[in-house]
Amino acid sequence: MSDPMPAGRWGFGRGEERDTLSTGVREQQGPSGVTWLTFDRAERLNAFTGLDYQQLRIAVERATADPATRVIVLTGAGRAFSAGADRSLLDETTPIADRHLASTEFGGMLDAIDRCDKPIVAAVNGLAVGIGCTILLHCDLVLVAHSARFRMPFTALGIVPEAGSSALLPLRARWGDAAWAMLSSEWFDGAAAVSMGLAWRSVPDADLVGEATAVASTIAALDSASVTATKRLLVAGRAEVARAAIDREMAAMALLVGRTADRSEGTFE
């Protein structure tokens, strides 16, 4: 799939586009009150480095604080939403400082999303692997292109789920679907994502941008105080559930991580 959000196709007219620190996250604000954050490392399938986690955190915090932003939409450039953690983070030769940044900013990015009291819509345009999949559990509405493919490859990598997904997925999905997705590390498609409850709606690839725009704009046109209050009520307790699960996941991961140096979250075979 080509970039779902190239310049000129946002439909915002007077919208302002800017990068967050560099090109890892492309940000565009529109007069409709919708801010789009596009993961923008298409050549790496939008895999996240520590700097990318940091950039997304900053972008989400900025949109949360911006009174002109009423709804946030996350999407990816190119043929992937996100391929997950960049494989360099599993390379023992990667500088300790880089791995420490990734560890710190991973949690900071999730905290920023969980603290956001504005609706977050995900428009999944392609591959969604690892954190590219589990981040959806921290979003409020998830739309997926028909061609989107998902994978939680943790057992295939000899590790355990992350981002609180071991608790959040069973809360959102049917138990059997959640258990199979995590235990098997198998791929599943957009229809399966909707069926299990991970995603809300599957749409033709060509309609994804328009559908996400319509959904976000509908919410953005409503009373902002009412929308944010409703969002807070809907997600009350979710961050606490996620944090407790993350603590358990990190403890389990520590027992396994030494065996993963030659593996990668972005495995597409």
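Just above sits the structure.
I will try to describe carefully the structure that is included in this document.

Definitions and cut-offs
- Residues numbered from 1 in each chain as written.
- Predicted model: local features only at pLDDT ≥ 70, side-chain atom pairs only at ≥ 80, totals over all residues.
- Heavy atoms only, no water.
- Phe/Tyr/Trp six-rings, centres within 6.5 Å; stacked < 30°, edge-to-face > 60°.
- Helix = DSSP H or I, 4+ residues; strand = E, 2+ residues; numbered from the N terminus.
- Buried < 20%, exposed > 50% of the residue type's maximum accessible area, 1.4 Å probe, protein only.
- Lys NZ or Arg CZ within 6 Å of the ring centre and 35° of its normal.
- Salt bridge = Lys/Arg side-chain N within 4 Å of Asp/Glu carboxyl O.
- Pairing = 2+ DSSP bridges.
- Right-handed = clockwise from strand over helix to strand, strands pointing away.

**Some words on the packing of aromatic side chains**
Aromatic ring pairs: the centre-centre distance and the angle between the two ring planes describe each pair.
Here comes step 1: For the structure shown, the criterion picks out five aromatic pairs.
Here comes step 2: Between F39 and F81, the ring centres sit 5.1 Å apart and the planes meet at 65 degrees, which makes this aromatic pair edge-to-face. On the criterion of sequence distance, the pair formed by F39 in strand β3 (residues 34-39) and F81 in strand β5 (residues 80-82) is long-range, its members being 42 residues apart. Each of the two residues, F39 as well as F81, counts as buried.
Here comes step 3: Seen from their ring centres, F150 and F188 are 5.4 Å apart, and the 10 degrees between their planes marks the pair as stacked. Residue F150 is found in strand β9 (residues 149-151), and its partner F188 is found in strand β10 (residues 188-189); the two are separated by 38 residues along the sequence.
Here comes step 4: F150 sits in the buried class, given a relative accessible area of 0%.
Here comes step 5: Ring pairing ties together the aromatic residues F39, F48, Y53, F81 and F106, which thus form one cluster.
Here comes step 6: The positively charged end of R149 is found above the aromatic ring belonging to W187, 4.2 Å away from the centroid.
Here comes step 7: Just above the ring of W200 sits the side chain of R201; from NZ or CZ to the centre is 3.9 Å.

**Considering the pattern of salt bridges**
Here comes step 1: Across all of its chains, the model carries 14 salt bridges by this definition.
Here comes step 2: One salt bridge in this structure joins R41 and D52, with 3.2 Å as the shortest N-O distance. Here D52 lies in helix α1 (residues 50-65) and R41 lies in the loop between β3 and α1, a separation of eleven residues in the sequence. An identical accessibility class is assigned to R41 and D52; each is buried.
Here comes step 3: Here R201 makes a salt bridge to E211, at a shortest N to O gap of 2.5 Å.

**Thoughts on the pairing of strand β4 (residues 71-76)**
Here comes step 1: By the criterion of burial, β4 is predominantly enclosed, with six of the six residues buried.
Here comes step 2: Covered by surrounding structure in β4 are V71, V73 and T75 together with I72, L74 and G76, the residues of both alternating faces.
Here comes step 3: Pairing between β3 and β4: six bridges, direction parallel. Paired with T38 across the strands is T75, a residue of β4.
Here comes step 4: Chirality of the crossover, the property in question, places the unit of β3, α1 and β4 among those that are right-handed.
Here comes step 5: As paired strands, β4 and strand β6 (residues 120-124) are joined by three bridges and run parallel to one another. Bridged to V73 within β6 is V121.

Remember, this is a structural readout, not a statement about activity or role.
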